[in-house]
There are 2 protein chains.
Amino acid sequence: MTRLGGTNLPRVGGYNQAVVLDAIRTRGAVSRVELAALTGLTNQTVSNVVRKLLDAGLVTETGHAPSSGGKRRTLLSPRPDGAYAVGVHLDPDSAVIVLVNLAGEVIVSRRLRLTAPDVPADVVDRVSRAVQRLIVRSAVDPARLLGLGIAAPGPIDGSSGCVVRPPNLPGWDRVPLVEMFAKATGLPVALDNDATAAAIGERWIGGEARAGSFLFIYLGTGIGAGIVLNNTVLHGDSGNAGEFGHMPVEPGDRVCHCGATDCLGPYCSPAAIIDDLLRRYGPVAADRIGVTGAAASLHDDWKALRRAARAGDPDAEDVVRRAARLIAQATRGAASLLDVGRVVLGGEALRGIEPILLEEIDSAVNRTSVARSIRPVVIEQSVIGDTVGAIGAASLVLHGNYAPGWRMLTDGAG
Amino acid sequence: MTRLGGTNLPRVGGYNQAVVLDAIRTRGAVSRVELAALTGLTNQTVSNVVRKLLDAGLVTETGHAPSSGGKRRTLLSPRPDGAYAVGVHLDPDSAVIVLVNLAGEVIVSRRLRLTAPDVPADVVDRVSRAVQRLIVRSAVDPARLLGLGIAAPGPIDGSSGCVVRPPNLPGWDRVPLVEMFAKATGLPVALDNDATAAAIGERWIGGEARAGSFLFIYLGTGIGAGIVLNNTVLHGDSGNAGEFGHMPVEPGDRVCHCGATDCLGPYCSPAAIIDDLLRRYGPVAADRIGVTGAAASLHDDWKALRRAARAGDPDAEDVVRRAARLIAQATRGAASLLDVGRVVLGGEALRGIEPILLEEIDSAVNRTSVARSIRPVVIEQSVIGDTVGAIGAASLVLHGNYAPGWRMLTDGAG
DNA sequence: TTGACTTAATCCATCCATTGGATTTAGCTG
DNA sequence: CAGCTAAATCCAATGGATGGATTAAGTCAA
């Protein structure tokens, strides 16, 4: 979409509807007059738009605000049961499936264990059947189920709906996930990389706290970033914006699969940090902490290492902190390049070591006195937590349907 | 603007007008039917919009396309004399002023020499008077002169129209340039940092070659980047997106004013590269190349060094190449983070050494086989050349008035 | 209790850019 | 010159936003 398209009246209608819904969602209980002030629309227009949203079952009237001298304002709130979406977070070792409502609340969820050499077709098949069962179990109105969102490790090809040889999913080369899941479930399918999906989830659920612009740093099996600028998600020319693993950092002796030794990626995965512990502090420390170093026990090793770091074990903390510094270094570059006032951290690999990351990133990003004085950058944790990947995946669908944006005015989508 | 605003019919009209004008500008001679296809608007709508643009004097009918069996298409082209803008590029040692037409062609230009300790008020005064004289001399219709654009070294405060203590303009702390120039010239004034202005100029003038997304690396007194995503300029939360000097690179012994030793900025200014030459290769090489090392002769030293590097002097080329590698390293990170398919180089400090920069950046950015296979990044020079700063400044005004974008549908601006 | 006042929300006629279908304009071809 | 094709325009209709008037529902003071 190299060219900008024109727009027309019906699209304006749809767009304004989305704007009003978005305002209601982010502000919670809010009256029509406030919405008019927030959106710049007329009271009359807001009234009309709200009526449509009420008819569509997406919002409800919930009580009244205390009077300020005249008629009380009737407050509007989103209707959680107005719409539903399914989210799937694909990871090398597991698939997390959630069914969420319009408010982003999880109705039912399920985790499937996967084993590394699984064939894509089998995984899609297993996951799809689990999705179907979840839908039946939840008993949601099928008409209100908008679709299925998938968060996969990048890179992906946005135009064809494929994952493109993800380093963390060996053997998955150009797998057309969108097509496969659409056929298997009969639902509309959206695909994005895990970090971007997480950022969209954060934007969708975070309300005021995630309005405007922010950079989401996602720490899962690998590291990635999701970029939200002016309430709009940056996808990039090929659908891979936020690729964080190739950000330059202080070079060491780890070689990225691209051949460089100064890429962030190879230094900050759980596997790399565990390896770092073994190399720096040897088997004694590893034993003490509970790290075996076997490839098969990566998950448990990482858990043990995180726990030790959190508990103050100096060796564990040291290796975590070294990785954190590199992440912080890259984050500093990204934040100043994008000029975002907020950085959000999330991802399941982060559990327990958030304070270390927050501290290092804060000190790197807010180091310059200039930055501090003009606009200190806020560093925060995800408002969603561990399941940000799966919930983010579901949010892809909600966001695609209801978040106001360019595409509503230019493309046909609504 | 943390919230998304609604829109309405008149705005849609203005926006579509801008879309059509933009399409005519970027495509050159184009017919109404083609415009309809390009913009997604109806033939009828395009007809109406074009009539308005004709009445406004912004486009003209220029001949016909050969018939393809029916009535010939009448071709539309932008009218260069439809609008004018003045651009001022402020630099520590000079101010370049240009008056350009709608096509971005320079009508008249002038360069004022400045001396370092100049007081802001005096500079504004001198420049403003020069602008006035230029306007008179050019004899353009004042009604068609849209305003004055200023490109200044960052950082700036976008909301108040100030420059905020730019490292390259000592003593200029929170100078309200917009206000001062508006008062002195009576023109509407737009301010942006030099790199962003250059990117906007590139976008405005570059036509198809600069449609979509690109990262503009600007090398002047300092280094900066301008970011264009989906034909839209990224300004950032505080108006300082593209701050490139704090991108992390391989650390050395140069300390950034923010305290870090791994910031790109201090390693790649002309002054730093000259210093590097002296430190690495001593007075003999400096003499041979024609570099004195005196602060006062920075301009000439840099010229000599560039010429020597271009001519193949190994020492000169080495120091330039070292800086180029660091720039390339940072560019690799930025390009992968933003997922842009194009990187553009420009700025007056670049003259003569473009090939070295292009080569180093290309090899760094396109190193990964993955990146190469999915989407090799195109690395190019500015289509404008040396004066990209000043022309970019003027483009701020043209862009602000006529480039289609969000703001037309949400804010009041047109 | 009542009447004056205030604010929220809606009703209604109007506006206006886009749309789709019909029409005109202007070329080509046999 | 008639028949065909494509470009561009005319015209009535559509539909979402608008502004002013109206109704609904509260507060406050006498």
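As shown above, the structure is provided for reference.
Residues numbered from 1 in each chain as written. Chains lettered and ligands numbered in written order. Predicted model: local features only at pLDDT ≥ 70, side-chain atom pairs only at ≥ 80, totals over all residues. Heavy atoms only, no water.

**Describing the relation of the copies chain B and chain A**
Part 1 of the argument: Mapping chain B onto chain A calls for a screw motion: a turn of 180° about the axis and a shift of 0.1 Å along it, with 0.1 Å RMSD after fitting. Here the two chains are linked by the operation of a two-fold rotation axis. The position closest to the rotation axis in chain B is occupied by the C-alpha of Glu-250 of chain B, lying 2.7 Å away.
Part 2 of the argument: A share of 100% of the interface residues of chain B reappears at the interface of chain A, consistent with the copies meeting face to face through the same patch. (Least-squares fit on C-alpha atoms with pLDDT ≥ 70 in both. Contact = heavy atoms within 4.5 Å.)

**Remarks on the protein's contact with DNA strand D**
Part 1 of the argument: Near DNA strand D you find 26 residues, and of these Leu-9, Asn-16 and Thr-42 of chain A together with Gln-44 and Ser-47 of chain B are the closest.
Part 2 of the argument: Here a phosphate oxygen of DNA strand D and a side-chain polar atom of Thr-45 of chain A are 3.0 Å apart.
Part 3 of the argument: At 3.4 Å from a base oxygen of DNA strand D is found a main-chain nitrogen or oxygen belonging to Gly-69 of chain B.
Part 4 of the argument: Within the surface near DNA strand D, the residues separate by chemical class into three nonpolar, 16 polar and seven charged. (Near = heavy atom within 4 Å. Polar contact = N/O pair within 3.5 Å; in protein donor to acceptor, adjacent residues only side chain to side chain. Nonpolar A, V, L, I, M, F, W, Y, C, P; charged D, E, K, R; others polar.)

**Comments concerning the pattern of salt bridges**
Part 1 of the argument: This model, assessed by the stated rule, comprises 49 salt bridges over all chains.
Part 2 of the argument: Of the charged contacts in the structure, one is a salt bridge between Asp-125 of chain A and Arg-129 of chain A, with a shortest N-O distance of 3.2 Å. Here Asp-125 of chain A and its partner Arg-129 of chain A are both found in helix α4 (residues 120-138), four residues apart, which amounts to about one turn of the helix.
Part 3 of the argument: Relative accessible area serves as the criterion here: at 39%, Asp-125 of chain A is assigned to the partly exposed category.
Part 4 of the argument: Arg-288 of chain B is the salt-bridge partner of Asp-313 of chain B, the closest N and O atoms lying 2.8 Å from each other. Here Arg-288 of chain B lies in helix α8 (residues 270-289) and Asp-313 of chain B lies in the loop between α9 (298-311) and α10 (314-338), a separation of 25 residues in the sequence. (Salt bridge = Lys/Arg side-chain N within 4 Å of Asp/Glu carboxyl O. Helix = DSSP H or I, 4+ residues; strand = E, 2+ residues; numbered from the N terminus. Buried < 20%, exposed > 50% of the residue type's maximum accessible area, 1.4 Å probe, protein only.)

**Notes on the packing of helix α1 (residues 9-27) of chain B against helix α2 (residues 32-39) of chain B**
Residues and elements named next belong to chain B.
Part 1 of the argument: With their axes 10 Å apart at the nearest point, α1 and α2 run at an angle of 110° to one another. Classified by the angle between their axes, α1 and α2 sit roughly perpendicular to one another. Where α1 crosses over α2, the two elements pack in a sense that is right-handed. For the pair α1 and α2, the contacting residues are Val-19, Val-20, Ala-23, Ile-24 and Arg-27 in the first and Leu-35, Leu-38 and Thr-39 in the second.
Part 2 of the argument: Across the contact of α1 with α2, the residue classes break down as six nonpolar, one polar and one charged. (Axes fitted to C-alpha atoms, helices over the stretch in contact; angles between N-to-C directions. Parallel < 35°, antiparallel > 145°, perpendicular 65-115°, else oblique. Left-handed = near helix turned anticlockwise from the far one by under 90°.)

**A short note on the sheet that holds strand β16 (residues 378-381) of chain B**
All names here are of chain B.
Part 1 of the argument: The strand order across the open sheet formed by five strands is β14-β13-β12-β15-β16, and the pairing between neighbours is mixed. The open sheet has two free edges, formed respectively by β14 (232-233) and β16, since each of these has just one partner strand.
Part 2 of the argument: Relative to β16, strand β15 (residues 342-346) runs parallel, the two being bridged by four bridges. Residue Arg-342 lies in a different strand from β16, and its bridge partner there is Val-378.
Part 3 of the argument: In the packing of α10 onto the sheet, contacts are made with β12 (214-219), β13 (223-229) and β15, and the angle to β12 comes to roughly 155°.
Part 4 of the argument: The sheet strands contacting helix α11 (residues 354-365) are β15 and β16, and the helix crosses β16 at an angle near 165°. (Pairing = 2+ DSSP bridges.)

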